[in-house]
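The primary structure of each chain is shown beneath.
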Amino acid sequence: MATATDATAGETHVGKEKKKKAPKRYWQDTKADGEGEPEDRNYKKVQRETKTSKNKPVRKKTRIHGTQEKKFISGKKDPFPGPAPVPEEKLRKFRRGQPFNQVSGNFFPIRNIGKQDIYSYILKHANESSTLATNRAARFDLLLPEDAGFLEADEGEDTCAIRQEDIAEAVDITSATKYFNLSLTQFGPYRLDYTRNGRHLLLGGRRGHVSCFDWHSKQLMCEINVMETVNDVKWLHSEAMFAVAQKKWLYIYDSTGIELHCIRRFNDVLRMQFLPYHFLLATASATGFLQYLDVSVGKEVATTCTKSGRLDVMAQNPYNAVIHLGHPTGTVTLWSPNQRTPLVKMLCHRGGVRSIAVDKTGTYMVTSGLDRKLKVFDIRAFQPLHSYFLPAGASCLSLSQKGLLSACTGDIVQVYKDVFNTPVKKPYMAHRVRGAVWGAQFCPFEDVLGIGHAEGFTSLIIPGAGEPNFDGLDANPYRSVKQRQEWEVKALLEKVQPELISLDPDRLCEVDRATWEQKHQERVKRLGYDPLAKEKFMPRYKAKGRSSSGNVEKRKKQVAHEDQRDLIRKSVEEKMAKEKELKEKKAEQGKTSALDRFKK
């Protein structure tokens, strides 16, 4: 007789058939053995092992809802649920503009027909994304490693009395190399320009000397002599190209000094400004013309005759890309390539304007004139905030990323702190250079002020001038050639059109609230007819004599009452409106006074 073990050992998987289960009846439990359980993704199955009487593990399935609050082992709840709140000061630091004004109405998907709902839907999601970006930037502010620091003096000592040599001795070796002098006495005075990331420096001498180099490593990129007078130099979108305003025409060179273009339409150029997000090179000429050149396609975008004579004072507003021009009459005009007339015309000085500087937020403008005054204006209200008297007037002004102002008078360079909020009584720092100052500019992301003068170039250390943390996706001082090429492609794809330059860029996000009737009336005036007007009923042609003149007129009369109904409705509405006006007039006439007897 075979045992049970022998029977099991003799069984093989070949030809083995599964036993079919008998169908269950309605009185039997259909959910036994875990069958028939509904599938629900919001529930998690947790398997627990329990021991039976035979010491065999049996798996039981329990359900835990995914949205339950997370509890500790002790059973207590988290006393501080959710993310930590962000201080309002940090949110204000990273907030860009005001939230968009949402149009009243429900927010529906874009597939709906109503344009009002579409605009509301778009503005709602734009506000949500802007708020999310602001909160994230404020939270990640803790990860920024650097912080701005200013120079502090001991008791009884002024910071303006501290010399550059003393600062260079006190700081580390890397920072000490940022203070240096270039003796270029043969081809001065010099104009200068830094790249947007603050890595490269471009120098242009009045007598034709042009050179560009990496001023961090002091590695020379190119050095040429154009054998012609140089009025101004300016970097373009990257360190690969730069523009030189020579005596007669405008020239474009690459970083190796090879001439790429000679633009003869831009003649007698005195000053230049480059708009990085629009890829526009704005030039001001001695003949009074303001011209815009699109560097990406090499096309002249706009040419405007300012009718104000020689233009040798020029600045740009980094916030809205508006060009500020100073004139010998003491006025400052604001220009856009979209208009032939100035956007704003301000009388700032009693004499000619010598220099203009605008801060990066586009809120304040600083001007200096021949009347020896330095004025700070609020561009939002176009009113002066502070006015200072300088013994000899300032010839060159420059604002740093942290709000420091440099004012150059002759061969003296003075740096002021907090010129926007409170009246300034003494300078923050002062330095005397070897010759008369011809150009001054703060280096981005560095505590450095570059001075171009008659004897060459001087780099000064100004603590607290630069932004300590840079945006690696926008202006990265340490990017490689491959990163620069990728950034250039993305910048070209995201180029802002010149038609969008205006005083208030936030207005571009607002909805045009003109009613449909107003737009329809403008369209009728433009076309000369109403494209939405209902066409007159014209019966179609029918054969076998059914389109005779009599039958056609009968068919016209059958639909004539529809047009008459619209005319009657309009006439009734007009009568109702007239009656309402008459009632209001009678009600007003019913109110008599003692002075009515004197009415004629």
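Residues numbered from 1 in each chain as written. Predicted model: local features only at pLDDT ≥ 70, side-chain atom pairs only at ≥ 80, totals over all residues. Heavy atoms only, no water.

> An account of the overall build of the protein chain is needed here, citing residue identities and associated values.
Looking only at helices and strands, one finds eight helices and 30 strands in the protein chain. Sequence separation of at least 24 residues holds for 44% of the intrachain contacts in the protein chain that already meet a minimum separation of 6. Accessible surface, the protein chain as shown: approximately 40,200 Å² in total, 52% of it carbon and sulfur. (Helix = DSSP H or I, 4+ residues; strand = E, 2+ residues; numbered from the N terminus. Contact = heavy atoms within 4.5 Å. Areas by Shrake-Rupley, 256 points an atom, 1.4 Å probe, with all protein chains shown as cover.)

> Break down the sheet that holds strand 5 (residues 200-205) for me, citing the residues and quoting the values.
Strand order across the open sheet formed by four strands is 4-5-6-7, with antiparallel pairing between neighbours. The two strands at the open ends of the sheet, each matched to only one other strand, are strand 4 (190-194) and strand 7 (219-225). Strand-to-strand twist across the sheet, computed as the mean angle between neighbouring axes with direction ignored, equals 15°. Bridging between strand 5 and strand 6 (residues 209-214) involves five bridges; their strand directions are antiparallel. Its bridge partner being in strand 6, leucine 203 is matched across the sheet by serine 211. (Pairing = 2+ DSSP bridges. Axes fitted to C-alpha atoms, helices over the stretch in contact; angles between N-to-C directions.)

> How would you summarise the pattern of salt bridges if you had to cite specific residues and measurements?
Two side chains that carry opposite charge are able to pair once their charged atoms sit near each other. Summed over all chains, the structure comprises 16 salt bridges. Glutamate 239 is the partner of arginine 484 in a salt bridge, and the nearest nitrogen-oxygen pair spans 3.8 Å. In this pair, arginine 484 is assigned in helix 6 (residues 481-493) and glutamate 239 in the loop between strand 8 (230-235) and strand 9 (241-246), connecting sequence segments 245 residues apart. Of the two residues, arginine 484 and glutamate 239, neither departs from the other in class, the shared state being buried. Among the charged side chains, a salt-bridge network with shared partners connects Glu239, Arg479, Arg484 and Glu488. (Salt bridge = Lys/Arg side-chain N within 4 Å of Asp/Glu carboxyl O. Buried < 20%, exposed > 50% of the residue type's maximum accessible area, 1.4 Å probe, protein only.)

> Which residues make up the pairing of strand 27 (residues 429-432), and what values go with them?
Where burial is concerned, the two faces of strand 27 differ: the one with Met429 and His431 is buried and the one with Ala430 and Arg432 is not. Relative to strand 27, strand 26 (residues 412-416) is paired through four bridges, and the arrangement is antiparallel. Its bridge partner lying in strand 27, valine 413 is registered against histidine 431.

> An account of the pairing of strand 4 is requested, with residue identities and associated values reported.
Judged by how many residues are buried, strand 4 sits mostly within the fold: five of five residues are covered. The alternating pattern of strand 4 places Tyr190, Leu192 and Tyr194 on one face and Arg191 and Asp193 on the opposite face, and all of these are buried. Counting the residues that bridge the hairpin from strand 4 to strand 5 gives five residues, and of these glycine 198 lies at a positive phi of roughly 75°.

> Please give an account of helix 7 (residues 516-527) that cites residues and values.
End to end, helix 7 covers 16 Å across 12 residues, agreeing with the expected 16 Å (1.5 Å per residue, within 8%). Downstream of helix 7 by one or two residues, glycine 528 has phi in the positive range, about 90°. (Expected span 1.5 Å × (residues − 1).)

> Could you give an account of the nonpolar core, with specific residues and numbers?
Residues Tyr292, Ile323, Leu325, Ile356 and Met365 are the most contacted members of the largest nonpolar core, which totals 28 residues. For this core, the secondary-structure elements that each account for two or more residues are strand 13 (280-285), strand 14 (289-294), strand 16 (313-316), strand 17 (323-326), strand 18 (331-335), strand 19 (344-347) and strand 20 (353-358). Core analysis: the second largest hydrophobic core is formed by 21 residues, Val413, Ile451, Leu460 and Ile462 among them. (Core = buried A, V, L, I, M, F, W, Y, C linked by side-chain atoms within 4.5 Å.)

> Can you lay out unusual backbone geometry for me, pointing to particular residues and giving the numbers?
Here the residue pair glycine 188 and proline 189 is connected by a cis peptide bond, since its omega of -5° sits within 30 degrees of zero. Checked against the element boundaries, proline 189 lands in the loop between strand 3 (180-183) and strand 4. Look at aspartate 268: it is not a glycine, yet its phi comes out positive at around 55°. Looking at the secondary structure, you find aspartate 268 in the loop between strand 11 (259-267) and strand 12 (269-275).

> Tell me what's going on with a nonpolar patch on the surface, and back it up with residues and numbers.
A contiguous nonpolar patch, built from Ile568, Val572 and Met576 and spanning about 290 Å² of accessible area, is present on the exposed surface. As for its placement among the helices and strands, valine 572 is situated in helix 8 (residues 549-590). (Patch = residues over 30% accessible without salt bridge, like charges linked within 9 Å, V, L, I, M, F, W, Y side chains within 5 Å.)

> Report on the sheet that holds strand 23 (residues 383-389), specifying residues and quantitative values.
Taken together, the four strands give an open sheet; going across it, the order is 20-21-22-23, and neighbouring strands pair in antiparallel fashion. Bordering the open sheet on either side are strand 20 and strand 23, each of which pairs with just one other strand. Strand-to-strand, the axes of this sheet are offset by a mean angle of 20°, without reference to chain direction. Pairing of strand 21 (residues 364-369) with strand 22 (residues 373-378) involves five bridges; the strand directions are antiparallel. Bridging across to strand 22, serine 368 finds its partner in leucine 374.

> I'd like a rundown of the side chain of aspartate 359, residues and numbers included.
Structurally, aspartate 359 can be placed in the loop between strand 20 and strand 21. What aspartate 359 contacts, discounting residues up to four positions off in sequence, is Asn317, Pro318, Tyr364, Leu399 and Phe420.

> Describe the packing of aromatic side chains, listing the residues and the values that go with them.
Throughout the structure, instances matching the rule amount to nine aromatic pairs. Relative to phenylalanine 457, the ring of phenylalanine 180 has its centre 5.9 Å away and its plane inclined at 50°; by these criteria the two rings are tilted. Taken together, the residues phenylalanine 180 in strand 3 and phenylalanine 457 in strand 30 (residues 456-461) connect sequence positions 277 residues apart. Each member of the pair, phenylalanine 180 as well as phenylalanine 457, carries the same accessibility label: buried. Above the plane of the ring of tyrosine 277 lies arginine 196, whose end atom (NZ or CZ) is 5.2 Å from the centre. When the ring centre of tryptophan 487 is taken as origin, the NZ or CZ atom of arginine 479, which lies over that ring, is 4.9 Å away. (Phe/Tyr/Trp six-rings, centres within 6.5 Å; stacked < 30°, edge-to-face > 60°. Lys NZ or Arg CZ within 6 Å of the ring centre and 35° of its normal.)

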